[in-house]
Amino acid sequence: MSETEKLAAGMAGTDVFGELDDATRMLIAQEMRPVTFTNGQSIFSRGDPGRELYYIVEGRVRLSILSVEGRELAFAHASEGTVFGEIAMLDGKARTADATAVAKTKAMSLGQAAMDRLLESNPEFAKTLLRFLCARLREADLQLEGVALHRIEVRLARFLLGISQQRSDDVDADGLVPVSLGISQGEVALLLGASRPKVNAALTLLEDQGAIVREGNMIRCDCEELRAVAELE
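Here the structure is a predicted model, which is why all the values come from computation and not from measurement. (Residues numbered from 1 in each chain as written. Predicted model: local features only at pLDDT ≥ 70, side-chain atom pairs only at ≥ 80, totals over all residues. Heavy atoms only, no water.)

1. Thoughts on the nonpolar core
Here is the rule we go by: Here, nonpolar core means buried Ala, Val, Leu, Ile, Met, Phe, Trp, Tyr and Cys residues that are tied together by side-chain atoms lying within 4.5 Å of each other. Each residue is placed in one exposure class: buried if its accessible area under a 1.4 Å probe, protein chains only, is under 20% of its type's maximum, exposed if it is over 50%, and partly exposed if it falls in between. By definition, any uninterrupted DSSP run of H or I lasting at least four residues is a helix, any uninterrupted run of E lasting at least two residues is a strand, and each is numbered from the N terminus. Contact definition: two residues touch when any of their heavy atoms are within 4.5 Å.
In terms of nonpolar packing, the biggest core is built from 29 residues, with Leu156, Leu160, Leu206, Ile212, Ile219 and Leu226 touching the most fellow members. In terms of residue count, the dominant contributor to this core is helix H6 (residues 152–166) (6 residues). Setting aside its immediate chain neighbours within four residues, Ile219 contacts Leu160, Val177, Pro178, Val179, Leu181, Leu203, Ile212, Val213 and Arg214. Formed by 21 residues, the second largest nonpolar core is a distinct cluster that contains Ala8, Val16, Ile28 and Leu53.

This is how it looks when you write it as structure tokens:
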């Protein structure tokens, strides 16, 4: 299997490309070019021209904005199998956020000219991108609602519950789901719109309530208790 075929096969499990047929994924994979970023490297900044989107093969990228007071708010982390940078490339305007690698990252870039060719020749790809953008808007709305309306422990419980549900098949002997965040408490704080001390205090509160068990870098989650704290029941 060629590298292009491997890339196309990996894209089958993503939100953006998963609904496309094999032939279309191959066309997209053929247009992509490999790029690498070191930990801490700035990929683009808010206001930059957007000429490509990125598909992450390995690593993690923080997407964030700065408030007028200079405070950074991370609204998403892009990880393996995730696409980012699509908004500015699609509308031809400036980047809406900063993108920074928070780990050594390997990605594939798709340039604007190639994207235009694919959209013109494949209406199904255009429909898939539209659904993807709508899903992103819904996620953004929920995140803004969480920061504005919910206490930090509620936001943290929902965050952990989301990760746990992705690993629901890995329940241990105690009925808990072990998860490794893969990011620091500082990065979690940026995602939740809180400070690191508040995140640490919220973790302690969740542990006291029996919703989680912390073991080094691993957190074992009781999904039922997390749902209660997350005010989803």
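2. Side note on the packing of aromatic side chains
Any pair of aromatic rings gets described here by the distance separating the centres and the angle formed by the planes. Cut-off, in case you're wondering: What counts as a ring pair is set by centres within 6.5 Å for rings of Phe, Tyr and Trp (its six-membered ring), and what kind of pair is set by the plane angle: stacked under 30 degrees, edge-to-face over 60, tilted for all other angles.
Within the structure shown, the criterion is met by 6 aromatic pairs. With a centroid separation of 5.9 Å and 75° between ring planes, the pair formed by Phe37 and Tyr54 is classed as edge-to-face. Highlighted residues: Phe37 in strand E1 (residues 33–37) and Tyr54 in strand E3 (residues 52–58), separated in sequence by 17 residues. For Phe37, a relative accessible area of 10% puts it in the buried group. Classification of Tyr54 as buried rests on a relative accessible area of 8%. Consider the rings of Phe44 and Phe84, whose centres lie 6.1 Å apart with planes at 35°: the pair is tilted. Here the residue Phe44 occupies a position in strand E2 (residues 42–44), and Phe84 occupies one in strand E6 (residues 83–84), the gap between them amounting to 40 residues. A residue is classified by how much of its surface remains accessible, and Phe84, at 1% relative accessible area, is buried.

3. Remarks on the sheet that holds E2
Note the cut-off: By this definition, two strands are paired if DSSP reports at least two bridges between them. Fitted lines through C-alpha atoms give the axes, limited to the stretch in contact for helices. The angle between two N-to-C directions lies from 0 to 180 degrees.
The strand order E2-E7-E4-E5 describes an open sheet built from 4 strands, whose pairing is antiparallel. Two strands lie at the open edges of the sheet, namely E2 and strand E5 (72–79), each paired on one side alone. If you compare each strand with its neighbour and ignore which way they point, the axes differ by 30° on average. The pairing of strand E4 (residues 60–66) with E5 spans 7 bridges and is classified as antiparallel. Residue pairing for E5: Leu66 is matched across the bridge by Glu72. Sheet strands touched by helix H7 (residues 185–192): E4 and E5. Its angle to E5, the strand with the most contacts, is close to 110°.

4. Concerning the pairing of strand E10 (residues 212–215)
Within a regular strand, the side chains alternate between the two sheet faces. Pairing between E10 and strand E11 (residues 218–221): 4 bridges, direction antiparallel. Residue Glu215 lies in a different strand from E11, and its bridge partner there is Met218.

5. Quick look at the packing of helix H2 (residues 22–31) against helix H4 (residues 112–121)
Short version of the rule: Angle categories: roughly parallel below 35 degrees, roughly antiparallel above 145, roughly perpendicular from 65 to 115, and oblique for all the rest. By definition, turning the near helix anticlockwise from the far helix through less than a right angle yields a left-handed crossing, and turning it clockwise yields a right-handed one.
One can describe the packing of H2 onto H4 by two numbers: an axis separation of 10 Å at closest approach and a directional angle of 165°. Overall, the two elements H2 and H4 adopt an arrangement that is roughly antiparallel. Two packed elements cross with a definite hand, and for H2 against H4 that hand is right-handed. Across the interface between the two elements, Leu27, Ile28 and Glu31 from H2 touch Ala114, Arg117 and Leu118 from H4.

6. Points about the side chain of Arg95
Heads up, the condition is: The definition of a polar contact used here is a pair of N or O atoms within 3.5 Å, where within protein one atom must be able to donate a hydrogen and the other to accept one, and adjacent residues in sequence count solely through side-chain atom pairs.
Position of Arg95 relative to the elements: it lies in the loop between helix H3 (86–91) and strand E7 (98–101). At 2.8 Å, the side chain of Arg95 forms a polar contact with the backbone oxygen of Glu52. From its side chain, Arg95 meets the backbone oxygen of Gly85 in a polar contact 2.7 Å long.

7. Some details on the pattern of salt bridges
Applied cut-off: Should a side-chain nitrogen of Lys or Arg be within 4 Å of a carboxyl oxygen of Asp or Glu, the pair is scored as a salt bridge.
Across all of its chains, the model carries 10 salt bridges by this definition. Where Glu19 meets Arg131, a salt bridge forms, and the shortest distance between an N and an O atom there is 2.6 Å. Taken together, the positions of Glu19 in the loop between helix H1 (3–11) and H2 and Arg131 in helix H5 (residues 123–149) put the pair 112 residues apart, joining distant regions of the chain. Take Glu19: its relative accessible area is 53%, and that puts it in the exposed class.

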